[in-house]
Amino acid sequence: MKRMIAGVLIIGVLFLLAAGSGLKWGLPFVNEQHGKVFAQLIQKDSKTEFEKVLILQERQPMYMRETTLVKIGELEAGQPVAIMSEDEDYYELRLGKMSAYVRKGQSVVEKRKLQTVGNTERLGAVNTLRQTIVYESADLQSDMLMQLEKGYRYPVVQEQEDWYIIKIGERPGYIHKQSVDFDEGLPVLVYHQVLPRELMTTELSTVSLESFEQQMDYLADQQFHTLTSRELFNYLEGRLVVPSKAIIITFDDGLLSSKEYAYPVLKKYGFTAPHHIISSRMDRGHHAPMFAGGELLKYITAEDLPEMEDVFHFEAHTDELHQLTDDREGFALHRTTNELVKDLQNNLKQVPGAVSIAYPYGHYNDKFVAAAKEVGLLIGFTTTEGYANMDKSNYEVNRFGITEKRPFEDFVVYVDGNMTWP
């Protein structure tokens, strides 16, 4: 309690000093329960004038734009929000960092000052278990600003005692904490080899076709939605609202078994998956190591890629660096940044649309991350187990490795978001 009082006093003194000097700077706000850090921008004048402010005369649905428009909430009548742009049919607003759209209709557009909320260094998200009210102030008796849809993960920018703060139309909106779950992150699966059980000679990095079918059937039955690497990036950046039951199914290495056995199952259920390719092994024999069962591993070829683009989004896994030293360290750890960049550029010639990299054997360092950034990759997948969330860098994304040794019960606990980590 003494620490808490001291902390409050320190923050109060800093606030007064800042206010007195007219400075604008950030203070960290720590959510002890979830380990989240939010940066709140303190502004001398928190009202900003906007040239175009939308005021609806009746409640209107709000959409995000994917291949189709997806309803993500309803904006209340009489609540002014800033307009970013417009086309013939829709006004574009900002929900956090993402675009949201309201159909043109009965409304007023005028120049007006709005109460604004400062940007943040670190975002978080909340998971809506039901339709959720967003209030115009931190008061359950205040007016409704908007309503969020059930079953989505929404970016929030700050928290204040019993409230999470969402940014809509440049205004702060307040979500009562008891009405939502804090978003602990998305499940990301990683597979390597999928084989019929009768053909398996080892369980190392391998899952049986029968187990894979059971797992994918569960995801389909529970109505999970698969994301691409780019969608994951946008979620982590607070630029995308994703379904509560969103998941990323990744494959590593580009093994031929992914074409023969995994691809038909994924296609059957309408799932997509990022697939990380070792480009130097794409003729199925070149540089290929021996499988634990004694046979030479076989890989897909460049000619196979177009045939599977409806399911697999092909991503980076290095060209010639998927090897270990005698000390069991990844080759990449002993390369300069320039050497890493050159290898990744060669890799990207085979997968030019890649936005993510899976680090070989999960081994990476600062030079590897710098090289990935230099060639334009946005996500780095590790082999550290956990959920993909905003606590870490986008170049340190957790994944859950699936082999035949994993019981189905662990798979279910993980994808349902109930697994705890030390």
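Further up the page is the structure itself.
None of these values were measured; they are calculated from a predicted model. (Residues numbered from 1 in each chain as written. Predicted model: local features only at pLDDT ≥ 70, side-chain atom pairs only at ≥ 80, totals over all residues. Heavy atoms only, no water.)

Would you mind going over the overall build of the chain with me for this structure?
Secondary structure assignment for the chain yields seven helices and 29 strands. Counting over 422 residues, the chain shows a buried share of 51%. Long-range contacts, defined here as pairs at least 24 residues apart, represent 64% of the contacts in the chain between residues at least 6 apart. In the form shown here, the chain has an accessible surface area of approximately 20,100 Å², with 48% of it arising from carbon and sulfur atoms. (Helix = DSSP H or I, 4+ residues; strand = E, 2+ residues; numbered from the N terminus. Buried < 20%, exposed > 50% of the residue type's maximum accessible area, 1.4 Å probe, protein only. Contact = heavy atoms within 4.5 Å. Areas by Shrake-Rupley, 256 points an atom, 1.4 Å probe, with all protein chains shown as cover.)

Hey, could you run me through the sheet that holds strand E14 (residues 152-156) in this one?
Hydrogen bonds between backbone groups are what pair the strands of a sheet, and the pairing can be parallel or antiparallel. Strand order across the open sheet formed by four strands is E18-E11-E14-E23, with antiparallel pairing between neighbours. Lying at the two open borders of the sheet, with one neighbouring strand each, are strand E18 (180-182) and strand E23 (242-243). The pairing of E14 with E23 spans two bridges and is antiparallel. Paired with Tyr152 across the two strands is Pro243, which belongs to E23. (Pairing = 2+ DSSP bridges.)

It is not clear to me how the pattern of salt bridges should be interpreted in this structure. Could you clarify?
When the charged atoms of two side chains lie near each other, side chains of opposite charge can form a pair. For the structure on display, the rule yields 23 salt bridges. The shortest N-O distance in the salt bridge between Lys111 and Glu51 comes to 3.5 Å. Of this pair, Lys111 sits in strand E10 (residues 107-115) while Glu51 sits in strand E3 (residues 47-56), and the two are 60 residues apart along the sequence. By relative accessible area, Lys111 is classed as partly exposed at 48%. Among the salt bridges present, the one from Glu74 reaches Arg59, with a minimum N-O distance of 3.0 Å. Of this pair, Glu74 sits in strand E5 (residues 69-75) while Arg59 sits in the loop between E3 and strand E4 (60-65), placing them 15 residues apart in sequence. The structure contains a network of salt bridges with shared partners spanning Arg59, Lys71, Glu74, Glu76 and Glu149. (Salt bridge = Lys/Arg side-chain N within 4 Å of Asp/Glu carboxyl O.)

What is the right way to read the packing of aromatic side chains from this model?
Any pair of aromatic rings gets described here by the distance separating the centres and the angle formed by the planes. Per the counting criterion, the structure on display carries 21 aromatic pairs. Between Tyr191 and Phe212 the ring centres are 5.1 Å apart and the planes differ by 85°, which places this aromatic pair in the edge-to-face class. Placement of Tyr191 in strand E19 (residues 188-191) and of Phe212 in helix H2 (residues 209-221) is noted, with a sequence separation of 21 residues between them. You'll find Tyr191 and Phe212 in the same group, each marked buried. For the ring pair Tyr387 and Trp421, a centre distance of 6.1 Å and an interplane angle of 80° mean the geometry is edge-to-face. Residue Tyr387 is located in the loop between strand E28 (379-381) and strand E29 (400-401), and its partner Trp421 is located in the segment after helix H7 (408-415); the two are separated by 34 residues in the primary sequence. Look at Trp421 and you get partly exposed, because its relative accessible area is 31%. (Phe/Tyr/Trp six-rings, centres within 6.5 Å; stacked < 30°, edge-to-face > 60°.)

I keep staring at the sheet that holds strand E6 (residues 81-82) and nothing clicks. Help me out?
Pairing within the open sheet is antiparallel, and its three strands lie in the order E6-E3-E10. Taken across any chain shown, the strands that pair with only one partner, and hence form the sheet edges, are E6 and E10. As paired strands, E3 and E10 are joined by eight bridges and run antiparallel to one another. Each residue of the ladder has a partner; that of Leu56, found in E10, is Ser107.

I tried to follow the nonpolar core on my own but got confused; where do I start?
Counting residues in hydrophobic clusters, the biggest one holds 55 residues, and the most contacted among them are Met62, Leu95, Tyr154, Ile175 and Leu232. The dominant element in this core, judged by the number of residues it contributes, is strand E16 (residues 163-168), at five residues. For Leu95, the residues in contact, after removing those within four places along its chain, are Ile72, Ala100, Tyr154, Pro155, Ile166, Lys167, Ile168 and Val241. Of all hydrophobic cores here, the second largest spans 54 residues; its members include Leu219, Val311, Val351 and Phe411. (Core = buried A, V, L, I, M, F, W, Y, C linked by side-chain atoms within 4.5 Å.)

Whenever I open this one, helix H5 (residues 337-350) confuses me. Can you help?
Between its first and last C-alpha atoms H5 spans 21 Å; for 14 residues at 1.5 Å apiece the expected length is 20 Å, and the two agree. Of all the residues in H5, the buried ones are Leu340, Val341, Asp343, Leu344, Asn347 and Leu348. For H5, the angular spread of the buried residues around the axis is 165°, confining them to a single face. Opposite the buried face of H5, at more than 90 degrees from it, the exposed residues are Asn338, Lys342 and Lys349. (Expected span 1.5 Å × (residues − 1). Arc of directions from axis to C-beta.)

So what exactly am I meant to see when it comes to the pairing of strand E25 (residues 273-277) here?
Looking along a regular strand, one sees side chains alternate from face to face of the sheet. Counting buried positions over the five residues of E25 gives five, a clear majority of the element. In E25, alternate side chains face the same way, and those of Ala273, His275 and Ile277 on one face and Pro274 and His276 on the other are all buried. When strand E24 (residues 246-253) meets E25, the two strands line up parallel, connected through three bridges. Bridging from a neighbouring strand, Asp253 pairs with Ile277 of E25. The parallel pair E24 and E25, bridged by helix H4 (residues 256-269), forms a crossover whose chirality is right-handed. (Right-handed = clockwise from strand over helix to strand, strands pointing away.)

Mind showing me how you'd approach unusual backbone geometry here?
Of note, Glu161 is a non-glycine position whose phi angle comes to about 55°, a positive value. Residue classification places Glu161 among the exposed residues on the basis of a relative accessible area of 66%. Here Gln223, not a glycine, exhibits a phi torsion of approximately 60°, which is positive. Note that Gln223 resides in the loop between H2 and strand E22 (225-226).

Explain the environment of Ser258 to me, please; I cannot follow it from the model alone.
Examined against the element boundaries, Ser258 turns out to sit in helix H4. Judged by relative accessible area, which is 1%, Ser258 ranks as buried. Separated by 64 residues in the primary sequence, Ser258 and Val194 have C-alpha atoms spaced 6.4 Å apart. With near-sequence residues (within four places) excluded, Ser258 lies in contact with Phe251, Tyr263, His275, Ile300 and Phe312.

How do you make sense of H4 when you look at a structure like this?
Helical geometry: 3.6 residues make up each α-helical turn, so side chains three or four residues apart lie on a common side. Here H4 contains 14 residues, and its C-alpha end-to-end distance of 20 Å stays within 8% of the 20 Å for a straight helix at 1.5 Å per residue. Where H4 bends most, at Ala262, the angle is about 45°, and the proline Pro264 comes one to four residues later. Taken together, the buried positions of H4 are occupied by Leu256, Ser257, Ser258, Ala262, Tyr263, Val265 and Leu266. Tucked into the core, H4 has its buried residues touching strand E20 (193-195), H2, E24, E25 and strand E26 (312-316). Within two residues after H4, Gly270 carries a phi angle of roughly 75°, on the positive side. (Bend = angle between axes of the 7 residues up to and from the residue.)

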